[in-house]
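The residues making up each chain are set out below.
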Protein chains: 2
Amino acid sequence: MKQISSIAELRKKITNLKRQGNTIAFVPTMGALHEGHLSLMRLAQEKADKVVVSIYVNPEQFGPNEDFDSYPRQMEDDLKACEAEGVSIVFNPDDEIMYGSGKKYFKIKVDTLNEHMDGGSRPGFFEGITLVVNKLFNIVEPDFAIFGQKDIQQFQILSRMAKEFNHGVELVMAPIARANDGLALSSRNAYLSDQQRKIAPGLYRALKYVEKQIRDGVMEPKLLLNHQQDELEAKGFKNDYLNVFSMETMQPVEELESGNTYILAGAAYLGKTRLIDNIIIDL
Amino acid sequence: MKQISSIAELRKKITNLKRQGNTIAFVPTMGALHEGHLSLMRLAQEKADKVVVSIYVNPEQFGPNEDFDSYPRQMEDDLKACEAEGVSIVFNPDDEIMYGSGKKYFKIKVDTLNEHMDGGSRPGFFEGITLVVNKLFNIVEPDFAIFGQKDIQQFQILSRMAKEFNHGVELVMAPIARANDGLALSSRNAYLSDQQRKIAPGLYRALKYVEKQIRDGVMEPKLLLNHQQDELEAKGFKNDYLNVFSMETMQPVEELESGNTYILAGAAYLGKTRLIDNIIIDL
């Protein structure tokens, strides 16, 4: 496994791999790797000849009051985990390499897809993500890029961007990796106290409950969602959102219709830790 | 020479060329090729093993009252010209291939570099250019891209975009090709009547006159520029702008300083035809 921080060196290495006829699957991460990330790498192995993982905590996607400084960093463990998964290249640039210094003149403007869900709650979040992933796609030029379903709005936005910008990469969605009690794995789970960790699976249970009601025929789930939010608050969560969104437009939907695909998604805080989770529902 | 309109076919062809060890120089055009374009192709030949030319009249960079419909199209002549220059691939997609149908969610936001000059006069112009060139760079993935100095604001904006977006392409600026009487070559010169064509070199002469004064020591050229604009109006031009801009920031500059690089640039109409021209001044 090669660990590379220079863009020029990475390009050279990837060009060589491609000249030898290899296809490339790319797994962009912010490190603090857990079983969920490893499942992305395994999917990457199935898709292509060589796997490239990036580890970079992208400052552009954190708001001023968010957890950029405290975001878990554990490069040594991450490198061991990548090596064990048979990753060919780990790209871990620093901020100077990714963004340089001096004024930046270009941003990517995302229309409507980022209005709700995490985009609604975290202004600038998807501008930061599209900025860095657009750069990474141009640097790595992968055949496949693997992202997790947990960040489903990210997946949908980046899929569209790749299509509209002709990145020539196929995005592949990996299912959500969960702990035994159902909690979606996340690097931010490390922030949870023992007490919070016990409560945390409640978010997924709320989603599962609403999912069942929808599959049993509830086509206007608003009251149901409101009630589940009350339940979550009673358990100690502070709600951000819990709603059904169109998979196509990322807009909230009040009245479901069969034949469509929806995302039942929630975000809630336990203390300062923000948890997200979702279920895809094909009706 | 291969003429290709499909993106998938173009990618395949370019991947093969690259696997064989070829470097690629790319010349994006809107067709109606003249000697200026041919000089870009010759520069491209010097820079790389294979030359790819795109011919595509990009609707996104025309304003609602601009000349998209009447813009000259002469594909057969253009193909012959490319063939004669030893071009390897001509990419001539249609609008469906470049933009597809349905809602577009992504735009590129350019900050301040497009406030003045052609960006100031043509709202949305550089959003349209960055959108299509970002796509073309991602499709062609060239080592070099050749653009003319005539569209110097385009060159500067695309250079920065390529850097900030990590396109991995080196932009090369070709000097302005001129008719014997000094008129900068442009596909739009075809719109000029015989009478207008006679007047047209006046724009370049005005720039040359101001350039000489600046090189002779005039560091605040405002009055000079105003006077030249009056002269142009007297000759039958309708002025758009005539000014000195910072090469770095694309902002107008009132007081020049030695050690800096400036663009002395003008745009003016003859009838409905908009002419542009510029001179780079290293002080």
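As named in an unreviewed UniProt entry, chain A is Pantothenate synthetase, taken from Gracilimonas mengyeensis. Reading the Function (unreviewed entry) entry of the UniProt record for chain A gives the comment "Catalyzes the condensation of pantoate with beta-alanine in an ATP-dependent reaction via a pantoyl-adenylate intermediate." Of the comments in the UniProt record for chain A, the one headed Sequence similarities (unreviewed entry) reads "Belongs to the pantothenate synthetase family."

Further remarks concern the UniProt feature "binding site: (R)-pantoate" (unreviewed entry) in chain A. Residue and element names in this part refer to chain A. With numbering matched to this structure, UniProt assigns "binding site: (R)-pantoate" (unreviewed entry) to Q61 and Q154. In sequence the annotated residues extend across 94 residues, while in space they remain close, none of their C-alpha pairs exceeding 11.6 Å. Within the secondary structure layout, Q61 lies in the loop between β3 (50–55) and α3 (75–84). Setting aside residues up to four positions removed in sequence, Q61 forms contacts with M30, E66, R122, F125, G128, I129 and V132. Within the structure, the side chain of Q61 is placed 2.9 Å from the side chain of N58, a separation counted as a polar contact. Aside from chain neighbours lying at most four places away, what touches Q154 is F126, I129 and F147.

Right, let's talk about the domain arrangement of chain A for a bit. All names here are of chain A. Each assigned domain of chain A is listed here: domain 1 (2–174) and domain 2 (187–282). Distance from the C-alpha centre of domain 1 to the C-alpha centre of domain 2: 26 Å. Listed per partner, the contact involves 25 residues of domain 1 and 20 residues of domain 2. Of the roughly 1900 Å² buried between domain 1 and domain 2 on both sides combined, carbon and sulfur atoms contribute 50%. Inspection of the domain 1/domain 2 interface yields 3 salt bridges. In this structure, R188 engages D67 in a salt bridge whose closest nitrogen and oxygen atoms are separated by 2.8 Å. Seen at the junction of domain 1 and domain 2, the total is 14 residue pairs in polar contact (both at pLDDT 80 or more). Elements with a minimum of two residues in the side of domain 1 that touches domain 2: α5 (117–121) and α7 (152–164). Here the side of domain 1 that touches domain 2 gets 4 residues from one element, more than from any other, and that element is α7. Split by residue class, the side of domain 1 that touches domain 2 holds 8 nonpolar, 10 polar and 7 charged.

All names here are of chain A. Taken N-terminus to C-terminus, the directions of helix α6 (residues 125–140) and α7 make an angle of 50°; their axes are 11 Å apart at the nearest point. One finds that α6 runs oblique with respect to α7. Handedness of the α6/α7 crossing: right-handed. Contacts from F126, I129, T130, V133, N134 and F137 in α6 reach Q153, Q154, I157, L158, M161 and A162 in α7. Among the residues making up the contact of α6 with α7, the classes are represented as 8 nonpolar, 4 polar and no charged.

Let's shift gears to the nonpolar core. Ranked by internal contacts, the top residues of the largest apolar core, which has 96 residues, are F106, F137 and L171 of chain A together with F106, F137 and L171 of chain B. The residues touching F106 of chain B, leaving out its near neighbours within four places in the chain, are I108, K109, V110, L113, T130, I157, R160, M161, E164 and F165 of chain A together with L131 of chain B.

This part takes up the relation of the copies chain B and chain A. Once chain B is rotated about the relating axis by 180° and shifted along it by 0.0 Å, it coincides with chain A to within an RMSD of 0.0 Å. Both copies of the chain, as the preceding transformation shows, are related through a two-fold rotation axis.

Attention now moves to the packing of aromatic side chains. Scanning all chains against the criterion turns up 14 aromatic pairs over all chains. Arranged with centres 6.4 Å apart and planes meeting at 75°, the rings of F137 of chain A and F147 of chain A form a pair that is edge-to-face. Separated by 10 residues along the polypeptide, F137 of chain A in helix α6 and F147 of chain A in strand β6 (residues 144–148) bring together distant segments of the chain. Given a relative accessible area of 2%, F137 of chain A falls into the buried group. Here the aromatic rings of Y241 of chain B and F245 of chain B are separated by 5.8 Å at their centres, their planes lie at 90°, and the arrangement is edge-to-face.

Cut-offs applied
- Residues numbered from 1 in each chain as written.
- Chains lettered and ligands numbered in written order.
- Predicted model: local features only at pLDDT ≥ 70, side-chain atom pairs only at ≥ 80, totals over all residues.
- Heavy atoms only, no water.
- UniProt positions renumbered as here; feature names shortened; annotations may be inferred.
- Helix = DSSP H or I, 4+ residues; strand = E, 2+ residues; numbered from the N terminus.
- Contact = heavy atoms within 4.5 Å.
- Polar contact = N/O pair within 3.5 Å; in protein donor to acceptor, adjacent residues only side chain to side chain.
- Domains from an automatic or database assignment.
- Buried area = accessible area lost by both parts, 1.4 Å probe.
- Salt bridge = Lys/Arg side-chain N within 4 Å of Asp/Glu carboxyl O.
- Nonpolar A, V, L, I, M, F, W, Y, C, P; charged D, E, K, R; others polar.
- Axes fitted to C-alpha atoms, helices over the stretch in contact; angles between N-to-C directions.
- Parallel < 35°, antiparallel > 145°, perpendicular 65-115°, else oblique.
- Left-handed = near helix turned anticlockwise from the far one by under 90°.
- Core = buried A, V, L, I, M, F, W, Y, C linked by side-chain atoms within 4.5 Å.
- Buried < 20%, exposed > 50% of the residue type's maximum accessible area, 1.4 Å probe, protein only.
- Least-squares fit on C-alpha atoms with pLDDT ≥ 70 in both.
- Phe/Tyr/Trp six-rings, centres within 6.5 Å; stacked < 30°, edge-to-face > 60°.

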